Amino acid sequence: EDASAVLPYMGSLLAGVANPSLPLQPLHTSFRDFLQDKSSKKFCIQINEGHYTMALSSFNLMNMQLKFNMCNLETFYDDNRKVSEDTINKCITQELQCSCQFGINHTSYLSEEQVGSMKTVAEEFLMQKLFFWIEVMSLMKHYNDLMLLLNEFVTNFAKVCDIEVIHIVKHSPN
């Protein structure tokens, strides 16, 4: 069934039903608990699987869409803070912005096996897309998140990724 047919009637349980640009959030913890309870069978949401799907999808999207000079800037000498929000939104899709900002966070909730299954996409990101990700995060003005997210990446993938690559990131100057 189409969720949009049911969502307008879920306002007493979920925040965000009236605005499609907002995330849906349970208004009360008991509803969240119900959705996570395995005895709820067809209503049960596997949070861990959701984080895995979001992490894998985010890394796949970043690996496909991140590229050199995302906003086609004429010079790199200008401050990224001068790039207009309109330019950023025209050049960097909302999906990519979201993946860049939150994709690494989802990996913190994964099992070792799930992290291991992401080895290839994580190494591709680290080896080929890392600097483009830093550029996007800078354009979106998320400077303070960069080192925290890099540290989170290193912590989550140190056991499965090429240790020399992780070592470079871990010991690079702040």
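Heads up: the structure comes first, above all this text.
First, a word on what this report is: a plain description of the structure on this page.

1. Examining the overall build of the chain
- Along the chain, the regular secondary structure elements total 9 helices and 2 strands.
- Ordered by position from the N terminus, the helices and strands of the chain form the series α-β-β-α-α-α-α-α-α-α-α.
- Judged by the C-alpha coordinates and their principal axes, the chain covers about 50 × 40 × 25 Å.
- Burial analysis of the chain (174 residues in total) assigns 36% to the buried set.
- Contacts in the chain between residues far apart in sequence, at least 24 positions, make up 63% of those at least 6 positions apart.

2. Here we look at the pattern of salt bridges
- Under the criterion given, the structure shown has 3 salt bridges.
- One salt bridge connects Lys 119 with Glu 123, and the closest N-O pair in it is separated by 2.9 Å. Remark: Glu 123 and Lys 119 occur in helix H7 (residues 119–139); sequence separation between them is 4 residues, near one turn of the helix.

3. A word on the packing of aromatic side chains
- Under the counting rule described, the total for this entry stands at 8 aromatic pairs.
- A ring pair is formed by Phe 34 and Phe 43, whose centres lie 5.9 Å apart and whose planes are at 35 degrees; its orientation type is tilted.
- On the accessibility criterion, Phe 43 (45% relative accessible area) is partly exposed.
- Here Phe 153 and Phe 157 contribute two aromatic rings whose centre-to-centre distance is 4.8 Å and whose plane-to-plane angle is 35 degrees, an arrangement assigned as tilted. Pair noted here: Phe 153 and Phe 157 are both in helix H8 (residues 143–157), with a separation of 4 residues, about one helical turn. Both residues of the pair, Phe 153 and Phe 157, count as buried.
- Here the aromatic cluster, defined as three or more aromatic residues joined through ring pairs, consists of Phe 59, Phe 125, Trp 133, Phe 153 and Phe 157.

4. Topic: the nonpolar core
- Within the largest apolar cluster, 34 residues are counted, with the highest numbers of intra-cluster contacts made by Phe 59, Leu 66, Cys 100, Phe 125 and Trp 133.
- The element contributing the most residues to this core is H7, with 9 residues.

5. Comments concerning H7
- Where H7 bends most, the angle comes to about 75 degrees, and this point is Lys 129.
- Among the residues trailing H7, Lys 141 stands out with phi positive, at a value near 65 degrees.

6. Quick word on the layout of surface pockets
- The volume enclosed by the largest pocket comes to roughly 1100 Å³.
- Surrounding the largest pocket, 27 residues form its lining, Leu 14, Pro 23, Leu 24, Gln 25 and Pro 26 being those nearest its centre.
- Looking at the lining of the largest pocket, the elements with two or more residues in it are helix H1 (3–6), strand E2 (25–26), helix H2 (29–36) and helix H5 (94–106).
- A per-class count over the lining of the largest pocket returns 17 nonpolar, 7 polar and 3 charged.

Reading guide: rules and limits
Residues numbered from 1 in each chain as written. Predicted model: local features only at pLDDT ≥ 70, side-chain atom pairs only at ≥ 80, totals over all residues. Heavy atoms only, no water. Helix = DSSP H or I, 4+ residues; strand = E, 2+ residues; numbered from the N terminus. Buried < 20%, exposed > 50% of the residue type's maximum accessible area, 1.4 Å probe, protein only. Contact = heavy atoms within 4.5 Å. Salt bridge = Lys/Arg side-chain N within 4 Å of Asp/Glu carboxyl O. Phe/Tyr/Trp six-rings, centres within 6.5 Å; stacked < 30°, edge-to-face > 60°. Core = buried A, V, L, I, M, F, W, Y, C linked by side-chain atoms within 4.5 Å. Bend = angle between axes of the 7 residues up to and from the residue. 1 Å grid on protein atoms, 1.4 Å probe; cavity = no way out; pocket = protein on both sides within 12 Å on 5 of 7 lines; lining within 4 Å. Points joined across faces, edges and corners; volume = space filled by probe spheres on them. Nonpolar A, V, L, I, M, F, W, Y, C, P; charged D, E, K, R; others polar.

Don't take any of this as a statement about function, it's just geometry.
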